[in-house]
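Geometric and topological summary
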Amino acid sequence: MPLLGLIFIVYKLTERKMDKTLHCLALFYFYRIIDQIGDKVSTSIQAQSFLTDFRMSGMPLLNDKLEKFLNLLLDDFENTVVQEAQIINVLQDIMEIITQDVMTHGHGILENSHSPHMDNRSDKKEQKFERININLVYNESWREKVVRLHLLLTVKESAINVPMNLEARRRITFFTNSLFMRMPYAPKVRNMLSFSVLTPYFKEDVLYSDEELNRENEDGISILFYLQNIYPDEWTNFEERIEDPKLVSVSKDKKELIREWVSYRGQTLYRTVRGMMYYRQALELQCFLEDAGDRAIFSGYRAEKKGTDHLQALADMKFTYVVSCQIYGVQKKSSQDRDRSCYNNILNLMLRYHSLRVAYIDEREEKVNGKPEKFYYSVLVKGGEKLDEEVYRIKLPGPPTEIGEGKPENQNHAIIFTRGEALQTIDMNQDNYLEEAFKMRNVLEEFVKRRRKQRKPTILGLREHIFTGSVSSLAWFMSNQETSFVTIGQRILANPLRVRFHYGHPDIFDRIFHLTRGGISKASKTINLSEDIFSGFNSTLRQGYITHHEYIQVGKGRDVGMNQISLFEAKVANGNGEQTLSRDVYRLGRRFDFYRMLSFYFTTVGFYFSSMVTVLTVYVFLYGRLYMVLSGLERSILDEPNIHSSKAALEEALATQSVFQLGLLLVLPMVMEIGLERGFRTALGHFIIMQLQLASVFFTFQLGTKAHYFGRTILHGGSKYRATGRGFVVFHAKYADNYRLYSRSHFVKGLELLILLIVYEVYGESYRSSKLYFFVTFSMWFLVASWLFAPFVFNPSGFEWQKTVDDWTDWKRWMGNRGGIGIQPEKSWESWWDGEQEHLKHTNIRGRVLEIVLAFRFFLYQYGIVYHLDISHHVTSFLVYGLSWVVMATVLVVLKMVSMGRRRFGTDFQLMFRILKGLLFLGFISVMTVLFVVCGLTVSDLFAAVLAFMPTGWALLLIGQAFRPLFGRIGLWESIKELGRAYEYVMGLIIFMPIVVLSWFPFVSEFQARLLFNQAFSRGLQISMILHGRKDTISS
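Below: a short report on this structure. (Residues numbered from 1 in each chain as written. Predicted model: local features only at pLDDT ≥ 70, side-chain atom pairs only at ≥ 80, totals over all residues. Heavy atoms only, no water.)

1. Digging into the packing of helix α27 (residues 562-581) against helix α36 (residues 695-716)
For any two helices packed against each other, one specifies the inter-axial angle together with the distance between the axes. The following threshold applies: Angles shown run from 0 to 180 degrees and are taken between the N-to-C directions of axes, each axis being a line fitted to C-alpha atoms and, for helices, limited to the stretch in contact. Note on conventions: DSSP H or I runs of at least 4 residues are helices, E runs of at least 2 residues are strands, and numbering of each starts at the N terminus. The cut-offs work like this: below 35 degrees is roughly parallel, past 145 is roughly antiparallel, 65 to 115 is roughly perpendicular, and the gaps in between are oblique. Left-handed describes a crossing whose near helix is turned anticlockwise from the far helix through less than a right angle; right-handed describes the clockwise counterpart. By definition, residues are in contact when any of their heavy atoms lie within 4.5 Å.
Packing of α27 against α36 brings their axes to within 8 Å, and their N-to-C directions diverge by 40 degrees. With respect to α36, the element α27 is oriented oblique. Relative to α36, α27 is oriented so that their crossing is right-handed. Residues Met562, Ile565, Ser566, Glu569, Ala570, Ala573, Asn574, Asn576, Gly577, Glu578, Thr580 and Leu581 of α27 form the contact with α36, whose participating residues are Phe698, Phe701, Gln702, Thr705, Lys706, Tyr709, Phe710, Thr713 and Ile714.

2. Regarding the side chain of Gln331
Put simply, the rule is: For every residue, the accessible area (1.4 Å probe, protein chains only) is compared with the maximum for its type, and the residue is labelled buried under 20%, exposed over 50%, or partly exposed between those bounds.
Among the secondary structure elements, Gln331 is positioned in helix α18 (residues 328-333). Under the relative-accessibility criterion, Gln331 is labelled buried at 1%. Once you skip the residues sitting within four places of it in the chain, Gln331 turns out to touch Tyr201, Phe202, Lys203, Asp339, Arg340, Cys342, Tyr343 and Ile346.

3. A few points about the packing of aromatic side chains
Centre distance and the angle of the planes are the two values used to describe a pair of aromatic rings. Spelled out, the test is: For this analysis, a ring pair means two rings from Phe, Tyr or Trp (six-membered ring only for Trp) whose centres lie within 6.5 Å, classed as stacked if their planes differ by under 30 degrees, edge-to-face if by over 60, and tilted for the remaining angles. Comment: the charge-over-ring label is applied if NZ (Lys) or CZ (Arg) is within 6 Å of the ring centre and within 35 degrees of the ring normal.
As enumerated under the stated definition, the model contains 52 aromatic pairs in all. Between Trp476 and Phe477, the aromatic rings sit 6.3 Å apart at their centres with planes inclined by 35 degrees, giving tilted as the arrangement. Linked through ring pairs, Phe701, Tyr735, Tyr739, Tyr742, Phe747, Phe792, Trp808, Trp811, Trp814, Trp832, Tyr985 and Phe992 together constitute an aromatic cluster. Above the plane of the ring of Phe467 lies Arg271, whose end atom (NZ or CZ) is 3.8 Å from the centre. Sitting over the face of the ring of Trp814, Arg740 holds its NZ or CZ atom 5.3 Å from the ring centroid.

4. Considering the pattern of salt bridges
Selection criterion: Salt bridge, as applied in this entry: a Lys or Arg side-chain nitrogen positioned within 4 Å of an Asp or Glu carboxyl oxygen.
By the definition in use, this model includes 41 salt bridges. Across the pair Glu211 and Arg215 runs a salt bridge whose closest N-O atoms are separated by 3.6 Å. The residue Arg352 makes a salt bridge to Glu260 at a minimum N-O spacing of 2.5 Å. Residue Arg352 is found in helix α19 (residues 337-352), and its partner Glu260 is found in helix α13 (residues 254-263); the two are separated by 92 residues along the sequence. The exposure class of Arg352 is partly exposed, given its relative accessible area of 28%. Classification of Glu260 as buried rests on a relative accessible area of 6%.

5. Regarding a nonpolar patch on the surface
Applied cut-off: Within the patch definition used here, like charges are joined within 9 Å and nonpolar side chains (Val, Leu, Ile, Met, Phe, Trp, Tyr) within 5 Å, considering only residues with over 30% relative accessible area and no salt bridge. The accessible surface values rely on the Shrake-Rupley method and a 1.4 Å probe; as for residues, cover is taken only from the protein chains in view.
A grouping of Val930, Phe932, Val933, Val934, Val939, Leu942 and Phe943 is seen on the molecular surface, where their side chains present a nonpolar patch of about 680 Å² in accessible area. Position of Val939 among the secondary structure elements: in helix α46 (residues 939-962).

6. A few points about the packing of helix α4 (residues 59-74) against helix α8 (residues 140-154)
Definition in use: As a working rule, the residues Ala, Val, Leu, Ile, Met, Phe, Trp, Tyr, Cys and Pro are called nonpolar, Asp, Glu, Lys and Arg charged, and the rest polar, with Gly in that last group.
Packing of α4 against α8 leaves a shortest axis separation of 10 Å and a crossing angle of 145 degrees. Between α4 and α8 lies a crossing of left-handed hand. Contact residues: Asn63, Leu66, Glu67, Leu70, Asn71, Leu73 and Leu74 in α4; Trp142, Arg143, Val146, Val147, Leu149, His150, Leu153 and Thr154 in α8. Residues of the contact of α4 with α8, tallied by class, amount to nine nonpolar, four polar and two charged.

7. A look at helix α48 (residues 973-999)
Defined as follows: To estimate how far a helix should reach, multiply one less than its number of residues by 1.5 Å. To get the bend at a residue, fit one axis to the 7 residues ending there and another to the 7 starting there, then take the angle between the axes.
Between its terminal C-alpha atoms α48 stretches 38 Å, which fits the 39 Å expected from 27 residues at 1.5 Å a residue. Bending of α48 peaks at approximately 30 degrees at the position of Phe992, with proline Pro994 no more than four residues after it.

8. Considerations on the sheet that holds strand β5 (residues 387-396)
Convention followed: Two strands form a pair only when DSSP identifies at least two bridges running between them.
Within the open sheet, the ten strands sit side by side as β5-β4-β3-β2-β1-β6-β9-β8-β10-β7. Their pairing is mixed. In this open sheet, the two edge strands, each paired with only one partner strand, are β5 and β7 (430-431). In this sheet, strand β3 (residues 356-368) lies alongside strand β2 (residues 319-325) in parallel orientation, the contact comprising four bridges. Looking at the pairing, Val322 lines up with Arg357 of β3.

In structure tokens:
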């Protein structure tokens, strides 16, 4: 490669106007020598005889001379005559080394290339390379080629470590590998299919401001400092670039460049627009290469860029980019700083990229028959001399985002402004790469490529690269999970299962097909929460054909924090619940053949239904065991001689199946995809590291998220969009935040299973072996631990003592704050508690009845345990169960009295309230003394009573919530609320106590940091500075 580069440089260096015969003959002589050397190199490579025709022993000497030659070309000489003389001498030495020391038969080249006309002339002979064009050293395009060749010769690192940047290495590796994949031949730009790109935008970040970059969080960490430590090599390269005036525009100051650098590493609209505009840049370059001659190509695209208006016109004909900024008009008129900032940044994007178009919904008030009425328009604007210039305005029948879901309606109103035969939908958290944009002509040819039964595709599925999986273990887990889904998963869904739909926004639609068949987004409220997959349903129902292609990729950002990931999983689970209730799934199930129907079921709603059934199976199993152990049935079965003799075989069988209960099979697709792409040794290593980083805990926790939100949607409906946030998240989440998010979905269910396991162990310990209990319940204990403590294990600085103290103070303040109109759930427990019952306000009678029926399971504890109390003296009369309800009612009355006393006497009559509490305490002591002395109550009975009555109280609370309108009319709703507050306090204390204990030991926090950020530590990143808030002052 360096030899070919040298031939090109020498070729250009000796190029001059041949106005005289002598010059013509001399240059012809030298060109002939260079041509023969180049031909010899090419033919040797093709014939695989390079090592025979060239001596490798002469290469070090040639390398030294080449390096000296290139240094002379790059050095700045004051005297060009001296520079020219030195260059000529080095060139002559290089030619002699090549022909004499490197080439086996190089001496014949000089003899064969010798011109007889030059010997017959009486003029003075010119020495080789005497006529060189020294002015070429000032040509920018030619100088770039010299710099590249110099780098090839002087960089000494191992090829596996070049480039040093991991992302650059990954992109180059994928691009080179993709060139060997099957893809259609690319037509000329003028013959390719035209296409548009559509991106929906609401009010996410466009470009980070200086204030946002330098604003410090509670740990003293800013976004800029965070990125400087996460991407240290890229920050160093950036600092070098901004100091070079040749690489930076004079019109931009340093602060603006830093803002762009940070925004290009976040999930911002600036990053997305820059990535999509690579399509236009690639088309211009490809069009230039198709039309340009050799001289123009050698000069370079930048040197020939002037006078290329026809290239830009052709690129504009083939490519259109529309960003549907739903509230752009509102932001333009707003006086709020953030809205004005978003408007200005979007406007700057239009002025920078002249082919970018922005669509938005405009609301106007006009008079009709003298009365003001609101009218809505879909407007398209572009950047121009008058800033944003209006191109089209289309009147709408009403406010689209109020009629349907926001995001799909945002796409629907703007789709009319797109052009061409194809339409690529790109989300706001996506990116594109220049090298991938070059393959767009190839992938669009898939639309004209006929497949089975002469059918053409209607949706082309594309591969995604998750670019947010580089720092924390959670981001790595999600990146691997998403990568396996968008590669091997969708590959199998498309072929042979034929049940791939539209799962995201890099897919390319047949625009004409979908515009004439209902569009690309169904937007009905609630039911079409997951609008993307419904477009795939619609395409399949209308005899469309969906394929998947992996020779091109698009960047995709994902949520990287535990809470953000859970919100995303909740949104997807809600969407799948609505899909289960939709007519689209019903129609597909009716029209598919049997095997395709099964494939469709298990790859869409069936996966979430199976997740819910898995959790329900645990409940059914444990409640069955609870009944067996409390009724004595299990004991009688195990005491039978036949069962007793086969107990060892039973334990071995349970030990085998308990391994699979860990959910290890769920990571099989992930391991297979890593194995196919990077080798199975790497896949095995990743699998082991993921298990050491508690990946099983994370995925078990997400199983609970899927089951809870899918089941609630099936039971009550009313799913809603959940904004996850797309910021940089490696910061500590407060205990109150985790409690609000996971209380109903994980903590309540985890504590219920914990009580079940404790009761099953306590009342069966006397006759059951410990091995049998361990094998039966091991996976369930693992499930309980994951559901209760995973949010804190994966919470940065979750076991740091000072943060634990601050979390406790914040949680107590949140629990004590009163709610009301306008009070956010983040500020008050009462507001959050009312919000958690939102689904019961809109459910039907069936939903309320099922809630009550499910709540009755908690009465089983009390019914079974009271007959095992020592105070019952083994009496099996129903009167014992009746007396237990008397005790329960007494406890509730006492709690009600305390609550009423606090409200009535707590402020004005504190002495009266204290007397009341003293009397109640004395009465409690008297009753307990009588029960211990007279009735035979034991200490173990007290603990058993807690296990019996706590679930009963929770059942009464659930029933009270289901009958909220009734209890509100009779004045008992406040009592229900106070009972709920008491239970929340108890649950919060139970979950918080292990965190406090672990926070006492400093090594736990260090171990957790290593567990969460192993990738960052292995790359030598300063993650500890980010976690602990220690940072140096960095000038920006």
